[in-house]
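# Architecture and fold: a report
These are the residues of each chain, in order.
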Amino acid sequence: MVQLSRRALTVGAASAAFAFATDVAAEEVVKIGVLYPLSGNAASAGNTSKMAVELGADIVNKGDPELAKLMPIARGGGLSGLKGAKIQLVIADNQGTPAAGQNQTLRLITQEKVAAMIGAYQSGITLTASAVAEKYGIPFVNPESVAANLTERGFKWFFRVTPVAADFAKAYSAFLKEQKAAGRKVDAVAIVHENTEYGNSVAGVIADVFAKEGLKVMQNIAYSANSTDVQPEVLQLKEKNPDVVLFISYTSDAILYTKTMKALNWKPEIMMADASGFNDQAYVKSMGREVEGLISRSAFAPGKPGSIAAICEALYKKKSGGDGLDDGSARSLEGFLVLADAINRAGSTDPAKIQAALKATNMPADQMVAGYNGVKFDAKGQNTLGSSLIIQMRNGDYVPVWPKAKATADLVLPFKGWTK
Amino acid sequence: MTTTLLLQVVVSGLLLGAVYALFSSGLSLIWGMMNVVNFAHGEFVMLGMYTAVVVWTAMGGGPWASVPIAAILIGTLGVLAYFLLVRHIMRGPMLAQILGTFGLALFLRYGALWVFGANFKTLPDDLVGHSFILGGIRFEGSRVLAGAVGFIVTVLLHLLLTRTSVGSRMLAVSEDATAAQLMGIRPQRMQALAWALAGAATGIAGALVATFFYTSPTVGETLAIVAFVTVALGGFGSVLGALVAGLLIGVVESLSAFLIGPVYKDVIVYAVFVLVLWFRPQGLMGTT
């Protein structure tokens, strides 16, 4: 067997990729690498994201008559810009480790010759996987990782569709200022956050944005998420009695806070949560009825019947056999549609042309599955139009209440909480 | 800051401490009786908690049903653990003892993950009764019940060990198993009894803790650390020491979290812990 040097292999692979790229129209297929945690402890989230991307490919390849009236890309019959080329997904498991994510991306790019990548859920894996794509000059679309540093690396091939903490903070502050204008008391805000990377960074960003927007954060309580007891924390809140409390918590601590607040019978005028634990189905099912009127955020709301979101929700339910879209899977689907739209406009599988098309992306709010104001990337590859819906707990389930245009129910304040 | 609020913090701490004592007594008993550290202790508590969850979801039973059932189930589990595992590894080196019960912990934890799933389960708050106000201070029904039972169970275990002939025989075995055997005591029977009692006390603790805490397969990890600290602080093998240590830790934790800040409470608790052990390595009520 002939021994090939690594350089020769790389050159060979690159030229093969180039050859593939030029005559793709004849093949009538566009390969997209899909990288998600299909095993490991984030497997359930990874599998819903994978299913959402598969739904996206179905929408492009097979189409949906109802959706086609609202979204041109859903006409079916593949990508019109590439003479009807079909999208072929090449799915890989990142196994929940940055190293596997890196290896799988390398395999998808050099062996499967994908034209673009999408993934990878966990910020830490997106970090390593996108570095490989950057090196090979393959566009990497990231629908759901929120770590701030991902778009601070000066990458040219990385595009993040999801909003990040700063966007959430702006949504919260706009929401609260609107309540203030309506005559509600929001003068004193308390932020209660768990003290690892997630809680600390998000709390920091929110405090900064609130300070700039003139909202007064009078109390900042950091705690450990695996505490056995949160009575002192709730008593601290009781002592200062803030108008608004914003929780940045995981599931177990969200449950403890809810139970403890009920036991010590203290509630603020407005109780808010930064999704996460408070949006976990386990929390919603067990505690939902104790927190009537709780405010949280979500990138997704089913919306009014006949809307893009409602149709996609119905299609997804058919595919999953029950569960609807949620905050995570809706963002994955949105990310995929952004990539498909860019490839369509590029009219080519040449990575450089797809990159240029992604840079020129300008999708309006009325084309969104997720509740964004649209998609438009800045020089760092961050979507500048990402935003969140404000949702409220009603009778044990969340409904969108803000902004008005996307609300399906009226906002009801003050926070009612437990009823008995 | 009002005095009422401060009193509320202390009361919360005392109730929390009584619960700590409740789920530490079983660990203390086994440690004192056999010089074996049961690393699966947290998982015993976790299974007691799941017993309460299952009793409630399957037959709508509150703690009056789940506490005796959990006592029997986890007591039996203790005896099984003794005869099938602990009895054998006690003959091995120290490392085998540590890894043996640690392996049992992992087995039980991932077994629970398999059977019950990773989701968090909770019991309704009104299972025990609502919170009530006494002298301006709020008492949570479920915590008062757990605290009271914790106090009673600990005192009963202490009386059993110090005032009954069974207790004397158990202590004799722990002092010198061979000498006890020469006196006509069967060491294995006494040790199995210790595991049964410890398991039952731990099962009771789990069933009561479940009324105000969340239940998940990994909850044992969170609770076990507190149990180990409580037992070490109270004195190895002293059941009454665990009660005193539990109350101390509960109050120190609550006060420091309230006055200094929640993230610092562990620093203060462990500083107190290290200081006490510095001056009394045998723990508050342990004997050298």
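All residue numbers refer to position in the chain's written sequence, counted from 1. Chain A is the first chain written and ligand 1 is the first ligand written, with later ones labelled in order. In keeping with the model being predicted, local features are shown solely for residues with a pLDDT of at least 70 and side-chain atom pairs are shown and tallied solely at 80 or more, while totals for entire chains, interfaces and linings include all residues. Remark: hydrogens and water are excluded; side-chain values derive from all non-hydrogen atoms of the structure.

## Focus on the overall build of chain A
Broken down by element type, chain A carries 14 helices and 14 strands. Over its C-alpha trace chain A gives a radius of gyration of 23 Å, about what one expects of a compact globule, namely 22 Å for 420 residues. Overall, the C-alpha framework of chain A stretches about 75 × 45 × 40 Å when taken along its three principal axes. Think of it in three bands: with a 1.4 Å probe and only protein chains considered, a residue is buried below 20% of the maximum accessible area for its type, exposed above 50%, and partly exposed in between. The buried share of chain A, reckoned over its 420 residues, is 57%. Sequence-distant contacts, at least 24 apart, represent 66% of the contacts inside chain A between residues at least 6 apart. Counted as positive: Lys and Arg. Counted as negative: Asp and Glu. His and the chain ends are not counted at all. A charged residue contributes its charge at one atom only: NZ of Lys, CZ of Arg, CG of Asp or CD of Glu. Of note, chain A has its 45 positive side-chain charges centred 2 Å away from the centre of its 40 negative side-chain charges. Segments assigned H or I by DSSP are reported as helices when at least four residues long, segments assigned E as strands when at least two residues long, and all are numbered from the N terminus. With the radius of gyration taken over C-alpha atoms, the globule rule is written as 2.2 Å times the number of residues to the power 0.38. Contact between two residues is taken to exist if any of their heavy atoms lie within 4.5 Å; hydrogens are not considered.

## Topic: the packing of aromatic side chains
Two rings from Phe, Tyr or Trp (for Trp, the six-membered ring) form a pair when their centres sit within 6.5 Å of each other. Planes less than 30 degrees apart are called stacked, planes more than 60 degrees apart edge-to-face, and all others tilted. Here the structure, examined in full by the defined rule, presents 17 aromatic pairs over all chains. Taking the centre distance of 5.0 Å and the plane angle of 75 degrees together, the rings of Tyr 223 of chain A and Tyr 257 of chain A count as edge-to-face. In this pair, Tyr 223 of chain A is assigned in strand β7 (residues 217-223) and Tyr 257 of chain A in helix α10 (residues 251-263), connecting sequence segments 34 residues apart. Between Phe 132 of chain B and Phe 139 of chain B the ring centres are 5.5 Å apart and the planes differ by 10 degrees, which places this aromatic pair in the stacked class.

## Things to note about the confidence of the model for chain A
For any part of a model where pLDDT is low, the fine detail of the predicted coordinates should not be relied upon. All names here are of chain A. Residues of chain A with pLDDT of at least 70 account for 93%, and the chain-wide mean is 89. One number per residue, pLDDT, summarises how confident the predictor is, and it ranges from 0 to 100. Mean pLDDT values over the elements of chain A span from 47, in helix α2 (residues 24-27), up to 98, in strand β4 (residues 140-142). pLDDT under 50 marks residues 11-26. Its contacts with residues more than four places away, or in other chains, come to eleven contacts.

## Quick look at the domain arrangement of chain A
All names here are of chain A. The source of the domain bounds is an automatic or database domain assignment. The domain architecture assigned to chain A consists of domain 1 (6-163 + 304-375) and domain 2 (166-298 + 389-406). Look at where the C-alpha atoms of domain 1 and domain 2 centre, and you get two points 33 Å apart. Note: buried area is the sum, over both parts, of the accessible area (probe 1.4 Å) each one loses when the two are combined. For the domain 1 and domain 2 pair, buried surface summed over both sides reaches about 530 Å², with 48% attributable to carbon and sulfur atoms. Looking at the side of domain 1 facing domain 2, the largest losses of area belong to Pro 163, Asp 327 and Gly 371, adding up to 70% of the total buried there. One side-chain nitrogen of Lys or Arg within 4 Å of one carboxyl oxygen of Asp or Glu is enough to make a salt bridge. Taken together, domain 1 and domain 2 are joined by zero salt bridges. Counted as a polar contact is a pair of N or O atoms within 3.5 Å, where, for protein atoms, one must be capable of donating a hydrogen and the other of accepting one, and residues adjacent in sequence contribute only when both atoms are in side chains. Where domain 1 meets domain 2, there are zero residue pairs in polar contact (both at pLDDT 80 or more). Under the grouping applied here, Gly and all other residues not named as nonpolar or charged are polar, the nonpolar ones being Ala, Val, Leu, Ile, Met, Phe, Trp, Tyr, Cys and Pro and the charged ones Asp, Glu, Lys and Arg. In the side of domain 1 that touches domain 2, the residues fall into two nonpolar, two polar and two charged.

## With respect to the interface of chain B and chain A
Taken together, the contacts link 32 residues of chain B with 29 residues of chain A. In this assembly, chain B packs against chain A so that about 2700 Å² is buried in total across both faces, 58% of it on carbon and sulfur atoms. Applying the counting criterion to the chain B and chain A interface returns one salt bridge. Ionic pairing is found between Arg 143 of chain B and Asp 229 of chain A, a salt bridge with its closest N-O pair at 3.6 Å. Linking chain B to chain A there are nine residue pairs in polar contact (both at pLDDT 80 or more). When contributions to the side of chain B that touches chain A are tallied by element, the ones reaching two or more residues are α1 (3-34), α9 (219-234) and α10 (239-259) of chain B. The class makeup of the residues in the side of chain B that touches chain A is 16 nonpolar, nine polar and seven charged.

## Looking at the packing of α10 of chain B against helix α11 (residues 265-279) of chain B
Residues and elements named next belong to chain B. Their axes nearest at 8 Å, the elements α10 and α11 cross at an angle of 140 degrees. Judged by the angle between their axes, α10 and α11 are oblique. In the packing of α10 onto α11, the handedness of the crossing is right-handed. Touching Leu 248, Ile 249, Val 252, Glu 253, Ser 256 and Ala 257 of α10 are Lys 265, Ile 268, Val 269 and Val 272, all from α11. Axes here mean lines fitted to C-alpha atoms, for a helix over just the part in contact, with angles spanning 0 to 180 degrees between N-to-C directions. Orientation labels follow simple angle bins: below 35 degrees gives roughly parallel, above 145 gives roughly antiparallel, 65 to 115 gives roughly perpendicular, and whatever is left gives oblique. By convention, the crossing between two helices is left-handed when the near helix turns anticlockwise from the far helix through less than a right angle, and right-handed when the turn is clockwise.

## Focus on the sheet that holds strand β5 (residues 158-160) of chain A
In a beta sheet, neighbouring strands pair by backbone hydrogen bonds and run either parallel or antiparallel. Residues and elements named next belong to chain A. Pairing between strands is defined by DSSP: at least two bridges between the two strands are required. Taken in spatial order, the five strands line up as β2-β1-β3-β4-β5 in an open sheet, and their pairing is parallel. Of all strands in the sheet, those with a lone pairing partner are β2 (86-93) and β5, marking the two edges. For this sheet the average axis-to-axis angle between neighbouring strands, irrespective of direction, equals 25 degrees. Helix-sheet contacts for helix α3 (residues 43-61) involve β1 (29-36), β2 and β3 (116-119), and the interaxial angle to β2 is about 170 degrees. Of the strands in this sheet, β1, β3, β4 and β5 touch helix α6 (residues 123-136), which is tilted by about 155 degrees from β4.

## Side note on the side chain of Thr 101 of chain B
All names here are of chain B. You can see Thr 101 is positioned in helix α4 (residues 94-116). Of the polar contacts made by the side chain of Thr 101, one reaches the backbone nitrogen of Phe 39; its length is 3.2 Å. Once you skip the residues sitting within four places of it in the chain, Thr 101 turns out to touch Val 37, Asn 38, Phe 39, Ala 40, Leu 85 and Ile 89.

## Topic: α10 of chain B
Residue and element names in this part refer to chain B. With 21 residues, α10 should reach 30 Å at 1.5 Å per residue; the first-to-last C-alpha distance of 30 Å fits that figure. With 15 of 21 residues buried, α10 lies mostly within the body of the structure. Within two residues after α10, Gly 261 carries a phi angle of roughly 145 degrees, on the positive side. Expected helix span is given by 1.5 Å per residue-to-residue step, counting one fewer step than there are residues.

## Some details on the pairing of β3 of chain A
All names here are of chain A. Residue alternation in β3 divides its side chains into two sets, Ala 116 and Ile 118 and Met 117 and Gly 119, and both sets are buried. Here β1 pairs with β3 via four bridges, running parallel. Its bridge partner lying in β3, Leu 35 is registered against Gly 119. Pairing geometry for β3 and β4, over two bridges, is parallel. The residue bridging Met 117 from the neighbouring strand is Phe 140, located in β4. We call a crossover right-handed when, viewed with the strands running away from us, the connection from the first strand over the helix to the second turns clockwise. The β-α-β motif built from β3, the intervening α6 and the parallel element β4 has right-handed crossover chirality.

## Describing the pairing of strand β13 (residues 389-394) of chain A
Residue and element names in this part refer to chain A. Among the six residues in β13, six count as buried, and that is most of the element. The alternating pattern of β13 places Leu 389, Ile 391 and Met 393 and Ile 390, Gln 392 and Arg 394 on opposite faces, both of which are buried. As defined by bridge partners, strand β10 (residues 295-298) adjoins β13 across four bridges and the pair is classed as antiparallel. Pairing of Ile 295 across the sheet is with Gln 392, part of β13. Here β13 hands over to strand β14 (residues 397-402) after two residues, with Asn 395 in that stretch at a positive phi of 50 degrees.

## As for a nonpolar patch on the surface
All names here are of chain B. Judged by side-chain polarity, Met 94, Leu 95, Ile 98, Leu 99, Phe 102, Leu 106, Tyr 110 and Leu 113 come together as a nonpolar surface patch covering roughly 740 Å² of accessible area. The residue Leu 113 is located in helix α4 in this model. We classify Leu 113 as partly exposed; its relative accessible area is 33%. Patch definition: residues with relative accessible area over 30% and no salt bridge; like charges joined within 9 Å; nonpolar side chains (Val, Leu, Ile, Met, Phe, Trp, Tyr) joined within 5 Å. Only the protein chains shown count as cover for residues, and the accessible areas themselves come from Shrake-Rupley with a 1.4 Å probe.

## Concerning the pattern of salt bridges
A pair can form between side chains of opposite charge whenever their charged atoms are brought close. Residue and element names in this part refer to chain A. In the structure shown here, the tally under the stated rule is 20 salt bridges over all chains. Glu 112 serves as the salt-bridge partner of Arg 107, at 3.6 Å between the closest nitrogen and oxygen. Several salt bridges share partner residues, and in doing so they unite Lys 31, Arg 107 and Glu 112 into one network.

## Things to note about the confidence of the model for chain B
Per-residue pLDDT for chain B averages 90, and the proportion of residues at 70 or more is 99%. Interface confidence for the predicted complex, given as ipTM, is 0.88, next to a pTM of 0.79.

## Considering the environment of Asp 93 of chain A
Residue and element names in this part refer to chain A. Note that Asp 93 resides in strand β2. Expressed as a C-alpha distance, the spacing of Asp 93 and Gly 46, which sit 47 residues apart in the sequence, is 8.9 Å. Once residues within four sequence positions are removed from consideration, Asp 93 is found in contact with Leu 35, Tyr 36, Pro 37, Leu 38, Ser 39 and Gln 104. Only 2.9 Å separates the side chain of Asp 93 from the backbone nitrogen of Leu 38, close enough to count as a polar contact.

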